[in-house]
Amino acid sequence: MNELKTTIDKVMDMAKAKGAEADCILDKSNVLSLKADEGELSEYKVSGSQVLGIRVIKDGKVGTSYSEALDDESLSFMVEQALENAKFSKDDPNQKIAVARAQEFDGTNERVYKSDTTPLDKKTQFTLDLESKIKEKDSAVKSAPYNNLSEVEHVRMYVNSKGTVCTQKERTFSCYTSALIEKNGKQSMHYHGSVARTFNELDFDNVIDESYKHANGLLEGTPLKTGEYRIVFTTDILGNFIGNFAGLFSGKGAMNGTNPWKDKVGEKVAIEGLSISDHPTYDKAFTYNPFDDEGSLTKETTLVENGVLKTFYHNSATADFFKVENTCHASRGPKGTLGVNGTNMLINAGADKETDLKNDEYFEIVAIQGLGSGSDMVSGDFSFGASGYLKKGDQIIQPVKGVTVSGNYFKVLNQISGMGDTIHADSNKTFFAPMMVFGGMTVGGQ
Amino acid sequence: MLLDKTVAGRVIDHALSLGADFAELFVEKNNNARISVLSSKVHEIAGGVDFGIGIRLIYGTKVLYGYTNSTNEEELKKITTLIAANDQKASEGARSSFVDQVVKNIHPATLGLDSTYEMDEKIKFLFEIDKAARGVSEKVDQVNALSLQRLQTIELFNSEGLHTFDDRHYARLVAQVFAKDGSEQSTGYEGPGALQGWEFINTINAKQFGEDVARQALIKLTAVDCPAGKMPVIIDNGFGGVIFHEACGHLLETTSVSKKASVFWDKMDQMIANECVSAVDDGTIEGKWGSINIDDEGMPTQKTQLIKNGKLTSFLVDKVGAMKTGYDRTGSGRRQSYKFAPASRMRNTFIEPGDSTLEEMIASVPHGIYCKKMGGGSVQPGTGEFNFAAQESYLIKDGKIDKPLKSATLIGTGPEVLQQISMVGNNFELAAGMCGSVSGAIPTTVGQAAIKVDQILVGGQGK
């Protein structure tokens, strides 16, 4: 860590010598990635890499650059390039080196970084099992074509010319597998994954069971008749769906005039029962972001309260532009420019018993395809492929696949007809929400 | 030269001493530059340099991969030892001496990032787009014009004696226009690209380009809900080719075929499409976005006939895919960067033109959709289920183009849709895109003349 700090200090000195303020972000990662195919490892990937990015502010203009090589010549070129880029940029009165804090902040703790002594052969066997245990479930399982175990040790360091230094070291294990089932000329495939801070916390059994359960459950799936249905997403898919429109909370998008909610702060955007907040250090969450990418210490932010948009994700520049409080959601990778991003999203519980919400027939969506390409954040229109189950209570009436689901996000936020009283976490433990029943979506099928 | 040849030789010798059947070093330097104009001002200018070395070892057909940012011999050997740890065996052969393979540059660039073309000229071009788009209508609310340029230099060494290097110049121009009319908002988007320098962007008429993207946004402001259900769809040329890319192209990559995770894995020489369909993956087309001189395993690129008159004639085959399936390599080993092992991937992939006119196709549809511009999509190779988005589309009513429609998704399976293509047009065009898969995101071109799909599921909100 000291060596990295010395490298960044050298870069800071170069920038200061040119009369610029600056901040640097350094990412350093070690990755192990394993995949299995036909009973043996098909991928064994080990890597170590680093990248350093600089943002300079000189004469009110901002320039950025980065380098993956950390020798003196490359670093000097990087600083020169950032300064050169700044010369051609517009005046930017909002971007500043915002945080001055004398004491170094270290966000590393037991929650995000634990030492790992798991022997390699155990990880290898785990990966092989991601394939073999799926096959053992059912002779109709043709293969587990996509599977992976990965371990990432990551260090992020933020340093600015006002003396602020933040560091955090994390270790992440993740795995996923897929079940490809073929029976009577029909095929079905489903994925599931797990993330954890230690190897032993990976939920192997659940990954296997969920992958098989839905691949098998959807094998006989058929399209629904075209029409409107009560829609319920699993928590994972609900997280994807809401997250796909998370740009609506972007203060940068609002500042740039590209966020369609740019003029909506203080206005009703959803049903009264809906509140959405962002919790960077939520104790039940996987993500733990005690500082943002300008070095600000993070805090909880209410985005939507009782259906009213309260604020956007802000960094110091967007907060300055709108003359509002900085929510400390600055986001910048070493290769990028200053933006904003959310962390752990929490949707409040409602008052409905889940059993009551399930009394009427509903389409539970467990997998979606093409959500990103089929969504237009500006118009709010979306259309994506989906599969799942038509249910009543917990009984499956019909497995469903080969349908599309279409609607307008702005409208469906106002057509939530029920919200459960229990909060569930998604598989990544970054999205927390109750069961929600949506109206206003058209299912295209037969 | 990015890596000392002697160092490369010693690292490969070390890999072979650990029993590897094949060893390869992929050395890469990437210069990037991005200029963005937003709100009629220079918004962001950014760039940087990526540099790293990927080490691939093959034991049998098993791939071991590692990478580092360092050119230090000891670091490279350390990673080699680490990745070979579980598979080490007695050495079975010595490295062939390096023979320099000079790459024939069939995609020359004149105004690449290594040229002295002025930044001011580039900025001026982007401002012209901004001005043109805003001039179309007062309903144009925001314009973002940006240019992306990249100079990727690669150097390859392998244990079979290959030593080669290549420069790839990429240029891409992107415009996004936001339009607003009361509470209705919409966007228009275009993003042409080429394996060329800024000279490619200079071939584009900035004024026309800005106006076209603005008109796309304005048309969508008046769009009505797209009907839902199965119906005939005419997919126009250019980016419409994403249907073939998703519905079929990915399923022909040996990455999926070798695992039998493709519905086409056992269909070689069989009819998999309507006989009016012939399809090609071609890396040789001069200056096209998905073109290359050599693939990322050092093999000269080629034109590969995938489907001829409906019959499957070739897969896309990389080195490991060839070892696993027995098919000959097609120069299709590609990767995003040194951080990825190569895999079989597409280049410029398209359905060859037929002889129908767009007008004939539209006239043949009593009730359906005409998709003028397509957006992105994805496929699940194991089942062939694909989806893609219609970015600009129109209702066809009684054989004539009617109202513009809001965005819709088209879904289906590859084998089904290939049989449903009943007409192929004569207005062939290619379009640039990015394709994400196991070896990362790479530039690929999709393309086709307009096609008629007799029946496909359209997801919309209308009746």
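Right above here is the structure, for reference.
Residues numbered from 1 in each chain as written. Chains lettered and ligands numbered in written order. Predicted model: local features only at pLDDT ≥ 70, side-chain atom pairs only at ≥ 80, totals over all residues. Heavy atoms only, no water.

A. Fine view of the nonpolar core. In terms of nonpolar packing, the biggest core is built from 51 residues, with Tyr44, Phe126 and Leu202 of chain A together with Leu3, Leu25, Leu57 and Phe157 of chain B touching the most fellow members. Leaving out residues up to four positions away in the same chain, leucine 202 of chain A has contacts with Phe126, Leu149, Phe173, Ser174, Cys175, Ser194, Val195 and Ala196 of chain A. (Core = buried A, V, L, I, M, F, W, Y, C linked by side-chain atoms within 4.5 Å. Buried < 20%, exposed > 50% of the residue type's maximum accessible area, 1.4 Å probe, protein only. Contact = heavy atoms within 4.5 Å.)

B. Looking closely at empty space enclosed by the protein. Tallied over the full model, the rule gives 3 cavities of 30 Å³ or more. One number sums up the size of the largest cavity: a volume of about 110 Å³. Around the largest cavity, the lining comprises 13 residues; the ones closest to its centre are Val62, Gly63 and Gln95 of chain A together with His43 and Glu44 of chain B. Put simply, the parts of the chain that give the lining of the largest cavity at least two residues each are β3 (61–67) of chain A together with β2 (41–59) of chain B. Taken together, the residues of the lining of the largest cavity sort by class into 3 nonpolar, 6 polar and 4 charged. Of the pockets and cavities examined, the second largest cavity occupies roughly 60 Å³. Lining the second largest cavity are 13 residues, with Phe249, Trp261, Ile276, Tyr409 and Leu413 of chain A sitting closest to its centre. The residue inventory of the lining of the second largest cavity, partitioned by class, reads 13 nonpolar, no polar and no charged. (1 Å grid on protein atoms, 1.4 Å probe; cavity = no way out; pocket = protein on both sides within 12 Å on 5 of 7 lines; lining within 4 Å. Points joined across faces, edges and corners; volume = space filled by probe spheres on them. Helix = DSSP H or I, 4+ residues; strand = E, 2+ residues; numbered from the N terminus. Nonpolar A, V, L, I, M, F, W, Y, C, P; charged D, E, K, R; others polar.)

C. Up close: the side chain of glutamate 170 of chain A. Residue and element names in this part refer to chain A. Considering the arrangement of structural elements, one finds glutamate 170 in strand β7 (residues 165–183). Taking the relative accessible area as the measure of exposure, glutamate 170 reaches 19% and is therefore buried. Within the structure, the side chain of glutamate 170 is placed 3.0 Å from the side chain of arginine 197, a separation counted as a polar contact. Every residue in contact with glutamate 170, bar those within four places of it in the chain, is listed here: Val112, Tyr113, Val152, Glu153, His154 and Arg197. (Polar contact = N/O pair within 3.5 Å; in protein donor to acceptor, adjacent residues only side chain to side chain.)

D. View of the packing of aromatic side chains. A complete count under the given rule lists 30 aromatic pairs over all chains for this structure. For the ring pair phenylalanine 249 of chain A and tyrosine 313 of chain A, a centre distance of 6.0 Å and an interplane angle of 70° mean the geometry is edge-to-face. In this pair, phenylalanine 249 of chain A sits in the loop between α5 (235–244) and α6 (251–256) while tyrosine 313 of chain A sits in the loop between β13 (308–309) and α7 (316–322), placing the two residues 64 residues apart along the sequence. Accessibility assignment for this pair places phenylalanine 249 of chain A and tyrosine 313 of chain A in one class, buried. Chaining the aromatic ring pairs together yields one cluster made of Phe233, Phe241, Phe245, Phe382, Phe384, Tyr409 and Phe438 of chain A. The ring of phenylalanine 98 of chain B has arginine 95 of chain B sitting right over it, with the charged end atom 4.6 Å from the ring centre. (Phe/Tyr/Trp six-rings, centres within 6.5 Å; stacked < 30°, edge-to-face > 60°. Lys NZ or Arg CZ within 6 Å of the ring centre and 35° of its normal.)

E. Region of interest: the interface of chain A and chain B. Counting residues at the interface gives 66 residues for chain A, matched by 72 residues for chain B. Across the chain A/chain B interface, buried area totals approximately 5600 Å², and carbon plus sulfur atoms make up 50% of it. When the buried surface of chain A facing chain B is broken down by residue, Tyr44, Glu68 and Phe88 of chain A rank first, second and third, together holding 12% of it. Seen at the junction of chain A and chain B, the total is 6 salt bridges. Notably, a salt bridge pairs aspartate 263 of chain A with lysine 180 of chain B, separated by 3.8 Å at the nearest N-O pair. Counting across the chain A and chain B interface gives 32 residue pairs in polar contact (both at pLDDT 80 or more). Grouping the constituent residues of the side of chain A that touches chain B by class yields 16 nonpolar, 36 polar and 14 charged. Here β3 of chain A runs beside β2 of chain B; their pairing, made up of 2 bridges, is parallel. (Buried area = accessible area lost by both parts, 1.4 Å probe. Salt bridge = Lys/Arg side-chain N within 4 Å of Asp/Glu carboxyl O. Pairing = 2+ DSSP bridges.)

F. Spotlight on the sheet that holds strand β22 (residues 431–433) of chain A. Residue and element names in this part refer to chain A. Spatial ordering of the open sheet is given by β13-β12-β11-β16-β22-β21, a layout of 6 strands whose pairing is mixed. Looking at strand neighbours, the two that pair on one side only are β13 and β21 (424–425), the edges of this open sheet. By the bridge criterion, 3 bridges tie strand β11 (residues 276–278) to strand β12 (residues 301–305) in an arrangement that is antiparallel. Within β12, the residue paired with serine 277 across the bridge is threonine 302.

G. Layout of the environment of leucine 316 of chain B. Residue and element names in this part refer to chain B. Tracing the chain through its elements places leucine 316 in the loop between β12 (311–312) and α8 (319–325). Sequence separation between leucine 316 and phenylalanine 209 is 107 residues, and the spatial gap between their C-alpha atoms is 34 Å. In this structure, leucine 316 is in contact with Gly249, Leu252, Glu253, Thr254, Asp281, Leu306, Thr330, Ser332, Ser344, Arg345, Met346 and Arg347, ignoring residues within four places of it in sequence.

Bear in mind that shape data such as this cannot, by itself, settle questions of function.
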